[in-house]
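If you want the building blocks of each chain, they are given just below.
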Amino acid sequence: MTLPMGRIAFGGDYNPEQWPREVWTEDMRLMRGASVSMVSVGIFSWAQVEPRDGEHTFDWFDEVMDNLSANGIAASLATMTASPPPWLARKHQEILPVLADGSRMWPGGRQAYCPSSPVYREYATRLVRVIARRYADHPALALWHIGNEYGCDTPVCYCDVSAEAFRTWLRARYGSVAELNEAWSTTFWSQRYDDFAEVLPPRQVPAFNNPTQQLDFARFSSDELLGCLLAEKAVIRELTPDVPVTTNFAGYSHALDLRRWAEELDVVSFDSYPEPFDSRAHVEAGLTYDIYRGARGGQPWLLMEQAPSAVNWRERNAAKEPGQMRLWSWQAVAQGADAIMYFQWRQSRGGAEKFHSAMVPHAGPGSQLHRDVAALGAELASLPEIVGTRPRNDVALVLDWASWRALELDARPSSDVKQIDALLAHHAPLFDANVGCDVVSPADDLGAYRLVVVPNLYLVSEADAARLTEYVRTGGHLLVSFFSGIVDESDRVHLGGYPAPFRELLGLRVEEFLPLDTGSALQVELLGQTGGAMLWSERIVTEGAEVLGRFDDGTPTLTRAKFGQGVAWYLGTRPDPGLMRALSDHVVAEAGVEPVLAGLPSGVQAARRGEFLFLLNHNPHGSTVDVDRPMTDLLSPGKGAAKRVELPARGVAVLR
Amino acid sequence: MTLPMGRIAFGGDYNPEQWPREVWTEDMRLMRGASVSMVSVGIFSWAQVEPRDGEHTFDWFDEVMDNLSANGIAASLATMTASPPPWLARKHQEILPVLADGSRMWPGGRQAYCPSSPVYREYATRLVRVIARRYADHPALALWHIGNEYGCDTPVCYCDVSAEAFRTWLRARYGSVAELNEAWSTTFWSQRYDDFAEVLPPRQVPAFNNPTQQLDFARFSSDELLGCLLAEKAVIRELTPDVPVTTNFAGYSHALDLRRWAEELDVVSFDSYPEPFDSRAHVEAGLTYDIYRGARGGQPWLLMEQAPSAVNWRERNAAKEPGQMRLWSWQAVAQGADAIMYFQWRQSRGGAEKFHSAMVPHAGPGSQLHRDVAALGAELASLPEIVGTRPRNDVALVLDWASWRALELDARPSSDVKQIDALLAHHAPLFDANVGCDVVSPADDLGAYRLVVVPNLYLVSEADAARLTEYVRTGGHLLVSFFSGIVDESDRVHLGGYPAPFRELLGLRVEEFLPLDTGSALQVELLGQTGGAMLWSERIVTEGAEVLGRFDDGTPTLTRAKFGQGVAWYLGTRPDPGLMRALSDHVVAEAGVEPVLAGLPSGVQAARRGEFLFLLNHNPHGSTVDVDRPMTDLLSPGKGAAKRVELPARGVAVLR
Amino acid sequence: MTLPMGRIAFGGDYNPEQWPREVWTEDMRLMRGASVSMVSVGIFSWAQVEPRDGEHTFDWFDEVMDNLSANGIAASLATMTASPPPWLARKHQEILPVLADGSRMWPGGRQAYCPSSPVYREYATRLVRVIARRYADHPALALWHIGNEYGCDTPVCYCDVSAEAFRTWLRARYGSVAELNEAWSTTFWSQRYDDFAEVLPPRQVPAFNNPTQQLDFARFSSDELLGCLLAEKAVIRELTPDVPVTTNFAGYSHALDLRRWAEELDVVSFDSYPEPFDSRAHVEAGLTYDIYRGARGGQPWLLMEQAPSAVNWRERNAAKEPGQMRLWSWQAVAQGADAIMYFQWRQSRGGAEKFHSAMVPHAGPGSQLHRDVAALGAELASLPEIVGTRPRNDVALVLDWASWRALELDARPSSDVKQIDALLAHHAPLFDANVGCDVVSPADDLGAYRLVVVPNLYLVSEADAARLTEYVRTGGHLLVSFFSGIVDESDRVHLGGYPAPFRELLGLRVEEFLPLDTGSALQVELLGQTGGAMLWSERIVTEGAEVLGRFDDGTPTLTRAKFGQGVAWYLGTRPDPGLMRALSDHVVAEAGVEPVLAGLPSGVQAARRGEFLFLLNHNPHGSTVDVDRPMTDLLSPGKGAAKRVELPARGVAVLR
């Protein structure tokens, strides 16, 4: 199942229920003018279409759908269940979520439902059935948008209903309470359970919560939210078996196990909100695009939401600089997006997000912002041949959801060690060097990659460790950073000296972790280059590995070991960005990996999808790029082919 | 109804229940020695006069009242309801307030009652009836002191009783749930209510609370507390129709709608606690005095509480510098106070405020602090003719309670934009230039002012916007700063481009807000002078206005438009204090406004009430002031008239 | 009753239930190799030995005890009650503790019980009876380890059961509610109680909690936890009257009244975790060792837990530097410890503390860490004659638990004034000068000391003040710092001017406190030396005292008064460390106190126990020490006697 749109979808969340009919007419006119091809409708419409229990008022929504099809606009039709209406909470207070301290969350915001609530699911699926029946054959229906930003506001619930569901989940996982005790190491602190009935969610406790209880609760919570999605999907598949389904993921957090969820979707959607105040925001965004593209093995994904300019939910909400919205949109396309959509079409007059920018802002369609949106719409519409193409990368970055969750539990050697930081530390030098990179799971087949980077795989199963080992044995290049291979799936230390599953592969052992204090740094020399190192050090004892980097007291921190046909690097600290770049470049070159384009000016990104070469100038000044053969910039078709491309400040070129 | 005292009232909170009888005798002697003319009694006496339900023990309090009248001291008699006794909370736990997270507040501090509790109000008014009957004809009774610092510790309550009261209030405000849905923009996030019964206070929710729900809850909470006051006032008016009533406001917050409350009082009282560590504390205090004087249209107000020296409730509690207590007291008088009173008469031996300084401190009546208090009492007693006089100002500063509340809700363009900061930014340059200023409501008649300043009127009704427009059309000068005129009374954006209700008046539109990041600044030139600008910028498109200030990229940020007979200025950023002073001076001069006295040394405040000219030297060093004709310093009567006044460090002169 | 071990005990927490049987065998072998003489067993074994209500499974524990005795290792046998098993919480949810906001704490961490719960105590003592019966005559049993780190995670509980117990405790303390009202100053804020039934724990309230209510609740909570210990001790004494009992105190907090608790123990145990990132950590540790040695009048104490290297519960957990673990262990011995023990023997594979270092770390017995542990074990075993010896000091530092608690309540002149800071400010210059010091209670007999230092005795009874006064009258030297002698046992100000009970003794009065703002400092001259002063100043009026230190505005801050046969110093600020050292040296010299050893290099600590002189080089470089006569270093027996000792970096010598 794929999207049948034949172009890069362009549009946004469309919430006509906030506006009177006369505005709807203008909306259609303006959408056509802006080359809008798809909109997401109905996301928060439950209270409007079912104003009271079991009574439905879809007439107005029929009109919306008809308007769309009449104007050639596809509907990404929401299941409308993202926020239950107040009447449901009043009728069934037990659907309201509860925090770890036992306090309840109430209606008045959004997502006020317990992920495990059978009552919520029953009402939700009843509604989905009505919607799916009503619009199954509507010509506008192109995509099902199940829920919305699952887990963004209510990722977990600690109520008694959730507790019972957690026990059910644990029974299924462990079979016996003895197995649970073994996995949870309950001999510690007198936590042994005699019966599943005694087990609770990791509510507020004195001292630290049991870490495996926390880890399993994170797994459970992701599964429960997925259960909500699957319940709705089952109804949809039954009634509209040919319409693809998606759900839009919100930012990146470890609340939802992306890889597991992606299996259940036809296409992955992502809501991307880089921080315009951050001059390196595009680098971090680049990582997220690689993550979401990786969720279904490189399949193109949908940028389901971005802000035309400022958001409303940060403490200080920066507007985007002139050209930045277009640039960042093309960056998403360059990194695999087949849709560029926004939250939202028309800026709300009231409510909590009225200061979130929109495609039609408060300043109206005559504003620069709207003109920029319309221009981008036309531009994207002009290049339908990009759709469906994919990058082809030789480097893989390993990310595992269970490891991420476990890494960031409390009572670790250093709470400063964070998964995203580790990913960024390794991804940024690749990004800056224009080396294309896929984000993969340690369970994936890695054979096609020349280089695999493991930034911080704290938790690893024996099977995954064996797969990585085999990858090197058969000729792969591997770069592993510190605090990897430490615990098993139950957060129990792999015995035999750190990092036990990788010791032979890496040719070393780590005797002790020596995390650094906040603000302190060590001097380090890596591959002949000196600089600072932060965050972490450790006592490494080599057992066959060659030492290629040392702290200034002579202790090793970078090693390289030949293993089988391959090479395994190990990095025991967090060097400063300059050193990381030098190290990354060295390892990349040794692995025989080529960048998309070499020798680019700093701040210029090059990315390839199929036959298209994207050049993205993230600088606030013009930059010049030379390519090796005359190419045509499809965004400036009049110019003809050339070997030199002049990119204005925040400019974009799509070459072929 | 006015205070019949014929002098500037002087005294403090008097809590004899904390002390044995022998101390009472000393109290009377010391009060006479310190020229005390009025004390507040009974504020926290409920548990002492009604030790158990319905049993009253007023004998001791009779004695207190008799002592006062015997010594010629007036009583500001409290209704004693500020903190209910523990027995009431035990008997009726439902009177205890509840936080947004559902947790209850308990006895053991103060103000532990739900503002909407009918049980609390019933017990409170029953007590007030007993007190009013008993002391209706007592010669000491001069003023009713209803409650105490309403809302200081418990401004809101989220309990089920409050929820029901909120629904009643909403029914009265909106009539139908459809109207509420419209006002609250509940089409957003599926928040539509089908019945008032579904509506709740803005309790803890996932994501952001509905902003209009929050705004209405703030209005409701102020009204509920006012309802407590009005219930007591009704009893008082019935039994003592000729005795004026007041209540003392605590600091400045938006919890209580001051203008609405002031209508119900005969005189406004204010508790003022400037921070002695802050060398500009008197400037901020000056703003508060203008606010409270403005609450009843310039009527003199009562400084009901100040600290003789340190308070106890800050993290670090600075003592006042020598002379500072006298200086700050005279500042209050200069800005309209007809009473100078303290918390409290005698420093407590125990309890939570025993380290709050008092007129008779722990160090005893022989201390410097007590001698300073007594000297000030005598000084104030010597100038009864000041009483009742008023300043006459040509500049008005606009402040609106609903706008303040709405401005500081979450999910705004920048959470750094705060109402008090905006007021201070505009008030301080007027204060420093000794330009007298009244704080007014946008609903006031502004015709008498030469210049009206609107620091940040985020929320404005069509009617108020029209009134400001008419003010300029008929010849007024208006200075409006950014983020004004954005939303209506329901926090819904005024459509038509920002700031829609002022666009024609100001001759411009704002396309987009560009708030600044923390710590960042822009270079700006205003009226030919350059400096820094912080906090905010925006994309201004002029539509007739003249540009008189620009950022260094050339974009406009200060404009001036002729409109009708008047002039309308607009400022789109927050310039640094030096630039603000230059701008303010320019606008003031253009409007033909004169300072009280020009050319004063920095740090010397000049203020006028009636025929009295006050000179206040806030500097820690001496300053010299020249006046235009020989005047007599009433505080140094022996010196005779002169044109030059030598003010010692922190010195004061009252000239005539 | 004393420990019958005849050597400095060496070992750690031993938790074999976390490991399979084959590991137990290796444990015994490794313990022998590391000269382990005692281990703590069973601390968190409740859930393992009583897997369900009333069913016991002690077979495995018998084996553990038998292994110990077979290997000549003594058992510090825990009562196993530190953390109740989950089945008990499920059966009796009312044992779970409740926070001040009313929210409950759940199982899943540790110490999840209400200190006042009769149900918890019943189940706990039932278990203790079973254990004590079973092991009364076991040859391994050497010491009872009651509970574990009482109050570390759950020092207080606000539930209704606790409330009722608090009322019972208050009835016993006060007899009548009138007495309670007097002590609690309930005339303030209308807090008068008419009946004990109205009194509650200091739960969440609006504004500040009543301070005496808080103070009494702290006393009560300490007593309730002590009640838990005493209930268990009663069973133990009944069944094993000859076995000594201890409990291990966690860090230093005012939760438990150490002096009161120590009376009930046969020996005091302490868990010490200095922060390796802090280069002065040994100085603060030195204070704690003096505190715990003082708990039973100088009796040797047990270092029951320390980390072999890093802990796991800080945000960033530093490893110890090479040699630091040995150095710090010897420091504890030098300051009176007769046991050096660790948490824990074998590093856990799972659970919340798996990253806490252990005697057998994850890196295994071949690691440097384990080799260092074993070497220290052998070294300690070689010097059994140290056991039981005591220091003999001429300086006493006064610390009182009630005063500490009261000092750190809210609504004080400055929340920056902290008891431990005050102790450290006075203890550090003594420590750095190698002047031995005992920490005493103001109720102790001080006659034997030449100098008594009172860093900050905010709360003092008339009797204790009289004892200190008498101490000076009869010839003692006393140094009192600011904010001492302010309130009585009920946190009521001693009337008569600050500090009333010491005014005559010190020859001065304090008119007003002038705390300093954060980050600000004053210039001060003390005894002819100038420097900075922080935190505090005050308006001192001398009444007979000589002024020996002044701020640069000339106001006094250091005074000296002759009183009777003695001398009383008063310090009204917190000078910088250099000035504190000069002042301390001066006062020490005037009092005729000699250091253990004079003229040592900075960073070298000298301490004496009996005939043993300990030299501890806390520097990361070598240091040379000259002693006045040839002495032998018992740790380098081959070297022979010498007058010069060369200490390597972090080196130790034990001379005789």
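Keep in mind that what you see is a predicted model, and the values were worked out from it rather than measured. Residue positions are counted from 1 within each chain, in the order its sequence is given. As a convention, the first chain written is A and the first ligand written is 1, with the rest following in written order. The predicted origin of the model limits local features to residues at a pLDDT of at least 70 and limits the giving and counting of side-chain atom pairs to 80 or more, whereas totals for whole chains, interfaces and linings rest on all residues. Calculated side-chain values reflect all of the structure's heavy atoms, with hydrogen atoms and water omitted.

Further remarks concern the pattern of salt bridges. Where side chains of opposite charge bring their charged atoms close, a pairing between them can arise. Put simply, a salt bridge is a Lys or Arg side-chain nitrogen that is within 4 Å of an Asp or Glu carboxyl oxygen. Applying the stated criterion across every chain yields a total of 156 salt bridges over all chains. The closest approach of N and O atoms between Asp491(B) and Arg412(B), which form a salt bridge, is 3.0 Å. Separated by 79 residues along the polypeptide, Asp491(B) in the loop between strand E13 (477–481) and helix H16 (503–506) and Arg412(B) in the loop between helix H13 (401–407) and helix H14 (419–432) bring together distant segments of the chain. Here the two residues Asp491(B) and Arg412(B) agree in accessibility, since each one is buried. Connected through salt bridges with shared partners, the residues Glu26(A), Asp27(A), Arg29(A) and Arg346(A) form a single ionic network. By the criteria applied, helices consist of DSSP H or I runs no shorter than four residues and strands consist of E runs no shorter than two, each listed in order from the N terminus. Any residue under 20% of the maximum accessible area for its type is buried, any over 50% is exposed, and the rest in between are partly exposed; the area is computed with a 1.4 Å probe on protein chains only.

Ring geometry is summarised as follows: Phe, Tyr and Trp rings, the Trp one being its six-membered ring, pair when their centres sit within 6.5 Å, and such pairs are stacked at plane angles under 30 degrees, edge-to-face over 60 and tilted between the two. Per the stated rule, a full pass over the model turns up 108 aromatic pairs over all chains. Their ring planes at 55° and their centres at 6.3 Å tell us that Phe513(A) and Phe355(C) sit as a pair that is tilted. Here Phe513(A) is found in strand E14 (residues 508–513), whereas its partner Phe355(C) is found in the loop between strand E9 (337–342) and helix H12 (368–381) on a different chain. Its relative accessible area of 8% is what places Phe513(A) among the buried residues. Judged by centre distance (6.2 Å) and plane angle (75°), the ring pair of Trp169(B) and Phe220(B) falls under edge-to-face. Placement of Trp169(B) in helix H6 (residues 160–174) and of Phe220(B) in helix H8 (residues 211–239) is noted, with a sequence separation of 51 residues between them. Neither Trp169(B) nor Phe220(B) differs from the other in exposure class; each is buried. Among the aromatic side chains, those forming a connected cluster through ring pairs are Tyr150(A), Phe249(A), Trp261(A), Phe270(A), Tyr289(A), Tyr292(A) and Trp301(A). Counting as a charge over the ring demands two things of the Lys NZ or Arg CZ atom: a distance within 6 Å of the ring centre and an angle within 35 degrees of the ring normal. Lying across the ring of Trp106(A), Arg203(B) places its NZ or CZ 4.5 Å from the centre. Its end group placed over the ring of Trp19(B), Arg346(B) keeps NZ or CZ at 5.6 Å from the ring centre.

This next bit is on the environment of Gly6(C). Residues and elements named next belong to chain C. Following the sequence through the fold, Gly-6 ends up in the segment before strand E1 (9–14). Linking Gly-6 and Pro-384, residues 378 residues apart in sequence, is a C-alpha distance of 6.2 Å. Should any heavy atoms of two residues lie within 4.5 Å, those residues are considered in contact. Residues contacting Gly-6, with those up to four places away along its chain left out, are Pro-384 and Val-387.

Time to look at the relation of the copies chain C and chain A. Our superposition of the copies is a least-squares fit, built on the C-alpha atoms of residues whose pLDDT is at least 70 in both. Mapping chain C onto chain A calls for a rotation angle of 120° and an axial translation of 0.0 Å; the resulting RMSD is 0.0 Å. Those values place the two copies in the arrangement expected of a three-fold rotation axis. Within chain C, the C-alpha atom positioned nearest to the axis of rotation is that of Ser103(C), 4.5 Å from it.

A low pLDDT means the predicted coordinates there should not be read in detail. For chain A, the average pLDDT comes to 97, and 99% of its residues sit at 70 or higher. Reported confidence for the predicted complex is 0.97 by ipTM and 0.97 by pTM. Each residue carries a pLDDT score, the predictor's confidence in it, ranging from 0 to 100.

What follows deals with the environment of Ile146(B). Residue and element names in this part refer to chain B. Here Ile-146 shows up in the loop between strand E4 (141–145) and H6. Given a relative accessible area of 0%, Ile-146 falls into the buried group. Among all residues touching Ile-146, those that are not within four sequence positions of it are Thr-79, Leu-229, Glu-232, Lys-233, Ile-236, Val-245, Thr-246 and Thr-247.

Attention now goes to the interface of chain B and chain A. Between chain B and chain A, the residue contacts involve 49 residues of the former and 54 residues of the latter. Roughly 4,500 Å² of surface becomes buried between chain B and chain A when both sides are summed, with 56% attributable to carbon and sulfur atoms. One can count five salt bridges joining chain B with chain A. Pairs of N or O atoms are called polar contacts if they sit within 3.5 Å, as long as, within protein, a hydrogen donor faces a hydrogen acceptor (for residues adjacent in sequence, only side-chain-to-side-chain pairs). Here chain B is connected to chain A by 23 residue pairs in polar contact (both at pLDDT 80 or more). Broken down by secondary-structure element, the contributors of at least two residues to the side of chain B that touches chain A are H8 and strand E14 (508–513) of chain B. If one sorts the elements of the side of chain B that touches chain A by residue count, E14(B) sits on top with four residues. Throughout, the ten residues Ala, Val, Leu, Ile, Met, Phe, Trp, Tyr, Cys and Pro are labelled nonpolar, Asp, Glu, Lys and Arg are labelled charged, and all others, Gly among them, are labelled polar. Taken together, the residues that form the side of chain B that touches chain A break down as 24 nonpolar, 12 polar and 13 charged. Joining two parts hides part of their accessible area as seen by a 1.4 Å probe, and the buried area is that hidden amount summed over both.

What follows concerns the domain arrangement of chain A. All names here are of chain A. Assigned domains of chain A: these are domain 1 (9–156 + 226–386), domain 2 (395–590) and domain 3 (604–655). An automatic or database domain assignment supplies the residue ranges for each domain. Between the C-alpha centres of domain 1 and domain 2 there is a distance of 37 Å. In this complex, domain 1 contributes 20 residues to the contact, which on the side of domain 2 involves 19 residues. For the pair domain 1 and domain 2, the summed buried surface comes to about 1,600 Å²; carbon and sulfur atoms form 63% of the total. Broken down residue by residue, the surface that domain 1 buries against domain 2 is led by His-254, Arg-259 and Leu-287, which jointly contribute 38%. Between Arg-280 and Asp-432 there is a salt bridge, with the nearest N and O atoms lying 2.9 Å from each other. On the surface where domain 1 and domain 2 come into contact, there are eight residue pairs in polar contact (both at pLDDT 80 or more). Listing elements by their share of the side of domain 1 that touches domain 2, those giving two or more residues are helix H9 (258–262) and helix H10 (281–294). Looking at the side of domain 1 that touches domain 2 residue by residue, the class counts come to seven nonpolar, seven polar and six charged.

This part takes up unusual backbone geometry. Residues Phe343(B) and Gln344(B) are joined by a peptide bond in cis, for which omega reads -5°. Looking at the secondary structure, you find Gln344(B) in the loop between strand E9 (337–342) and helix H12 (368–381). Although it is not a glycine, Trp189(A) adopts a positive phi angle of roughly 55°. When you line up the elements, Trp189(A) lands in the loop between helix H7 (177–184) and helix H8 (211–239). Classification of Trp189(A) by relative accessible area gives buried; the value is 2%.

All names here are of chain B. Following the sequence through the fold, Gln-347 ends up in the loop between E9 and H12. Gln-347 gets classed as buried once you look at its relative accessible area, which sits at 5%. A polar contact is formed between the side chain of Gln-347 and the backbone oxygen of Lys-354, at a distance of 2.8 Å. A polar contact of 2.8 Å, which involves the side chain of Gln-347, links it to the backbone nitrogen of His-362.

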